[in-house]
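Per-entry structural report
Spelled out from the first residue to the last, the chains are:
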Amino acid sequence: MKQNRIKELEEKCKNIRKEILRVVSKNGGHLSSTLGATEIIVAMHEVFDSKKDPFIFDVSHQSYAHKLLTGRWSEFDTLRQFGGISGYTKPSESEDDYFVAGHSSTSISLGVGAAKAIALKGEQESRIPVVMIGDGSMTAGMVYEALNELGDRKYPMVIILNDNEMSIAKPIGAISRMLSSAMASPFYQSFKKHTENFVDNFGEGARYIAKRMEESIKLITPGIMFEEMGIDYIGPVDGHNLASLIEILHKAKELKKPVIVHVQTLKGKGYEIAEGKEEKWHGVGPFDLSSGASSKKSEQKSATQIYAEALLHLAKHNDKIVGATAAMPSGTGLSELMELYPTRFWDVAIAEQHAVTSMAALAKEGFKPFCTIYSTFLQRGYDQIIHDTCLMNLPVVFALDRAGIVGEDGETHQGVFDISFLRAIPNMTLFAPRDEKSFHQAMAFAASYPHPCSLRYPRGSFTHTDLPESLPFALAKSQLLRSNNSDVLFVGYGNGVGRAYETAKSLDFEVSILDLRFVKPLDKEMLREMAKKHKKWFVFSDSAKMGGVGSALLEFLSDEKIFGAQVTSFEYEDTFITHGKTKDVEESLGLLPQQLALKVNATLL
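Residues numbered from 1 in each chain as written. Predicted model: local features only at pLDDT ≥ 70, side-chain atom pairs only at ≥ 80, totals over all residues. Heavy atoms only, no water.

Side note on unusual backbone geometry
That bond from Gly 235 to Pro 236 is cis: its omega, -5 degrees, falls within 30 degrees of zero. One can find Pro 236 in strand 5 (residues 232–238). Here Lys 520 and Pro 521 are connected by a cis peptide whose omega angle stands at -5 degrees. One can find Pro 521 in the loop between strand 17 (518–520) and helix 20 (524–533). Phi is positive for Val 59, close to 65 degrees, though the residue is something other than glycine. Summarising the element assignment, Val 59 is placed in the loop between strand 2 (55–57) and helix 4 (64–69). Phi is positive for Ser 60, which is not a glycine, with a value near 75 degrees. (Helix = DSSP H or I, 4+ residues; strand = E, 2+ residues; numbered from the N terminus.)

This is the structure in structure tokens:
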């Protein structure tokens, strides 16, 4: 490739990094990984055509450079803002985004599916799937399910493994670099094919000698595992050397078979403060570019902090308490527990299925596991909750962080479905705290509860912290926080209790307020009493309406043949919820307290 073109592309990389830093420092977003992947994405666009070749980004949080290269430069200021462009790939946003992504380890399966379609349509000469996946995503089993089939069926595909942690293998100096280039060359590939044809004519002895020679060469490189699966391997390659990247990708494309290109990058490349492995620069809020200091300081304690403090207190006094998270130690608050008790608290990597099942075995052995996972990511371990936990009635606690609207991460990350999908499972108990004190009490209950259970809590702080004194948690017991002779009852669950209180402030009449606490099992005795006194029930919960808290109450009223109470739920409607600041999203859904107060008044007319 001409040197002038390389210089032009290197300048483009600088400008892309500059724009990413400018916008992310203002809006927040994913930073270190997307900075590190800049040269890879520029090289992808130089070698392949995103208009016809499926560009598939695993998770896609590192795809900002792709957005800038595909006509979204002028819109980039709106990144992750309500009504603006998404922080992930999104086909409805651009034809250059092949698939929606947000959860990990789906990319190679998508690539296999795309490759099958290309083959069926007879387009293999003009199209090829291009997958970019990070080394962290390689920890999930779905990756190997896809590689297993791909290695067998040999569909043409280029998989770029972005290794930004040096966790898979380190290059072995000049020899490894030389071999990486050599193994991608047409000469080597042609020689390999002719050798295979030759030894086929000379029996097992020649085949054995040739195989041992090839394996001896491969042992110098870290790609032997992929080669054994039937997928060609090239690498490691310097992920910040554009000329080398473009050359290797051209060769990989020309192979017309599945190939993994192992690329090593530096997280945070181009922004010295973020360069390296610091987890805190993975996803950031607005920050000062010159110092790296956060621009926004929260005065209120987050629910995650409260959870971490409560679990630490319990763990100090009970050595049977253990826990796991799936690649989110900082985000879930488990970092300190992992440091203090490294043999009792584990980060099992991006492996939610494994996290759930391994905790079930610990429960069977007499321990008390706290499986701490974002609500949206627990979806990935659903079968394990049913088959490996609840079927045997094992006392695993599922602590669901980021329940409700999570804001800028949008559709793929909103924690709205957990009540609906957990409530249907036999032996599962569901409850939720409303504030800091009730959270500690909920944790104490969970620690002593001898069956599977789940508690949910929001991203950031609770909606309302000045609530009545919380009572200790007891199974299937709610707490009546405000009682009067009004016909109206507000039923709050978890963070929804605070929303109910805020809504009540905007009304010109009094209402009763019940903290449901348990959505499974329900406090039937209390609900029977409420049905006698109140005929208009309004439900406040940060969850999907279908199968949610309102559904549970309606099922109860139907089972009890109580027909006088009218239930109106302010849970989320049957749609995927977009990205943006939480307040902007809630306003668009009509869920701000003032808007809810108007809805209450309209219902009562």
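Describing the packing of helix 3 (residues 38–47) against helix 11 (residues 242–254)
As a packed pair, helix 3 and helix 11 sit with axes 9 Å apart at the nearest point and diverge in direction by 45 degrees. Between helix 3 and helix 11, the angle falls in the class oblique. The handedness of the crossing between helix 3 and helix 11 comes out as right-handed. For the pair helix 3 and helix 11, the contacting residues are Glu 39, Ile 40, Val 42, Ala 43, Met 44, Glu 46 and Val 47 in the first and Leu 242, Leu 245, Ile 246, Leu 249, His 250 and Lys 253 in the second. A per-class count over the contact of helix 3 with helix 11 returns 9 nonpolar, 1 polar and 3 charged. (Axes fitted to C-alpha atoms, helices over the stretch in contact; angles between N-to-C directions. Parallel < 35°, antiparallel > 145°, perpendicular 65-115°, else oblique. Left-handed = near helix turned anticlockwise from the far one by under 90°. Contact = heavy atoms within 4.5 Å. Nonpolar A, V, L, I, M, F, W, Y, C, P; charged D, E, K, R; others polar.)

A short note on the environment of Met 229
When you line up the elements, Met 229 lands in the loop between helix 10 (224–228) and strand 5. Apart from the residues lying within four places of it in its own chain, the contact partners of Met 229 are Tyr 144, Leu 147, Asn 148 and Gly 151.

Structural notes on the sheet that holds strand 19 (residues 566–569)
Pairing in this open sheet of 5 strands is mixed, and the strands run 14-16-15-18-19 from one edge to the other. Each of the sheet's edge strands pairs with one partner strand only, and the pair in question is strand 14 (479–482) and strand 19. When strand polarity is set aside, the average angle formed by the axes of neighbouring strands in this sheet is 25 degrees. In terms of strand pairing, strand 18 (residues 536–540) meets strand 19 through 4 bridges, oriented parallel. From the neighbouring strand, Phe 538 faces strand 19, where its bridge partner is Thr 568. (Pairing = 2+ DSSP bridges.)

Examining the confidence of the model for the protein
Averaged over all residues, the pLDDT of the protein is 91; the fraction at 70 or higher stands at 90%. Confidence drops under pLDDT 50 across residues 166–179; counting only partners more than four residues distant or on other chains, this segment forms 22 contacts. (pLDDT = per-residue confidence, 0-100.)

Considering the nonpolar core
By size, the foremost hydrophobic cluster in this structure holds 48 residues, and its most contacted members are Ile 20, Leu 31, Met 44, Val 158, Ile 160 and Leu 249. A total of 8 residues in this core trace back to one element, the largest contributor, which is helix 1 (residues 3–27). Apart from the residues lying within four places of it in its own chain, the contact partners of Leu 249 are Ala 43, Met 44, Val 47, Phe 48, Val 158, Ile 160 and Val 261. Grouped together as the second largest cluster of nonpolar side chains are 45 residues, Val 348, Val 356, Cys 371 and Leu 557 included. (Core = buried A, V, L, I, M, F, W, Y, C linked by side-chain atoms within 4.5 Å. Buried < 20%, exposed > 50% of the residue type's maximum accessible area, 1.4 Å probe, protein only.)

Side note on the packing of aromatic side chains
Scanning the entire structure with this criterion turns up 24 aromatic pairs. Centre to centre, the rings of Tyr 341 and Phe 345 are 6.4 Å apart; their planes meet at 45 degrees, and the pair counts as tilted. On the basis of an interplanar angle of 50 degrees and a centroid distance of 4.9 Å, the ring pair of Phe 439 and Tyr 457 is categorised as tilted. Placement of Phe 439 in helix 18 (residues 436–448) and of Tyr 457 in the loop between strand 13 (453–456) and strand 14 is noted, with a sequence separation of 18 residues between them. (Phe/Tyr/Trp six-rings, centres within 6.5 Å; stacked < 30°, edge-to-face > 60°.)

Quick look at the environment of Ala 308
Structurally, Ala 308 can be placed in helix 12 (residues 303–317). In this structure Ala 308 comes out as buried when scored by relative accessible area, which is 15%. Between the C-alpha atom of Ala 308 and that of Ser 335, which follows or precedes it by 27 residues, the distance is 8.9 Å. Those residues in contact with Ala 308, other than ones at most four positions away along the chain, are Gly 333 and Leu 337.

Brief notes about the packing of helix 1 against helix 3
Taken N-terminus to C-terminus, the directions of helix 1 and helix 3 make an angle of 130 degrees; their axes are 10 Å apart at the nearest point. It follows that helix 1 is oblique to helix 3 by the angle criterion. Crossing handedness for the pair helix 1 and helix 3: right-handed. Of helix 3, the residues touching helix 1 (which contributes Arg 5, Leu 9, Cys 13, Ile 16 and Arg 17) are Thr 38, Glu 39, Val 42 and Glu 46. Within the contact of helix 1 with helix 3, the residues separate by chemical class into 4 nonpolar, 1 polar and 4 charged.

Examining the pattern of salt bridges
Tallied over the entire structure, the rule returns 37 salt bridges. The closest approach of N and O atoms between Arg 456 and Asp 418, which form a salt bridge, is 2.7 Å. Linking Arg 456 in strand 13 with Asp 418 in helix 17 (residues 418–423), this pair joins segments that are 38 residues apart in sequence. When sorted by exposure, Arg 456 lands in the same class as Asp 418, which is buried. (Salt bridge = Lys/Arg side-chain N within 4 Å of Asp/Glu carboxyl O.)

A closer look at the pairing of strand 13
Alternating positions in strand 13 separate into two faces, Cys 453 and Leu 455 on one and Ser 454 and Arg 456 on the other, with burial throughout. In terms of strand pairing, strand 11 (residues 397–401) meets strand 13 through 4 bridges, oriented parallel. Bridge pairing in strand 13 links Leu 400 to Arg 456. Inspection of the sheet shows strand 12 (residues 429–431) paired to strand 13 by 3 bridges, in the parallel sense. Considered in strand 13, the bridge of Leu 430 is made with Ser 454. What joins strand 12 to strand 13 is helix 18, and the crossover it makes is right-handed. (Right-handed = clockwise from strand over helix to strand, strands pointing away.)

Description of a nonpolar patch on the surface
Nonpolar side chains collect at one region of the surface, where Tyr 98, Phe 99 and Val 100 lie side by side and expose about 260 Å² of accessible area between them. Its location among the elements puts Phe 99 in the loop between helix 4 and helix 5 (107–120). (Patch = residues over 30% accessible without salt bridge, like charges linked within 9 Å, V, L, I, M, F, W, Y side chains within 5 Å. Areas by Shrake-Rupley, 256 points an atom, 1.4 Å probe, with all protein chains shown as cover.)

Concerning the side chain of Asp 388
Structurally, Asp 388 is set in helix 16 (residues 382–390). In terms of polar contacts, Asp 388 uses its side chain to reach the side chain of His 387, at 2.7 Å. Setting aside residues up to four positions removed in sequence, Asp 388 forms contacts with Thr 357, Ala 360, Asp 383 and Leu 394. (Polar contact = N/O pair within 3.5 Å; in protein donor to acceptor, adjacent residues only side chain to side chain.)

Some details on the sheet that holds strand 4 (residues 157–163)
Two orientations exist for strands paired in a sheet by backbone hydrogen bonds: parallel and antiparallel. If you walk across this open sheet you meet the 5 strands as 2-3-4-6-5, and the pairing is parallel. Both edges of this open sheet fall to strand 2 and strand 5, since each of them pairs with a single strand only. Averaged over all pairs of adjacent strands, the angle between strand axes in this sheet comes to 20 degrees, irrespective of strand direction. Both strand 2 and strand 3 (residues 130–134) contribute to a ladder of 3 bridges, which runs parallel. Across the sheet, residue Ile 56 finds its bridge partner in strand 3, namely Val 131. Along the sheet face, helix 5 touches strand 2, strand 3 and strand 4 and points at about 170 degrees away from the line of strand 3.

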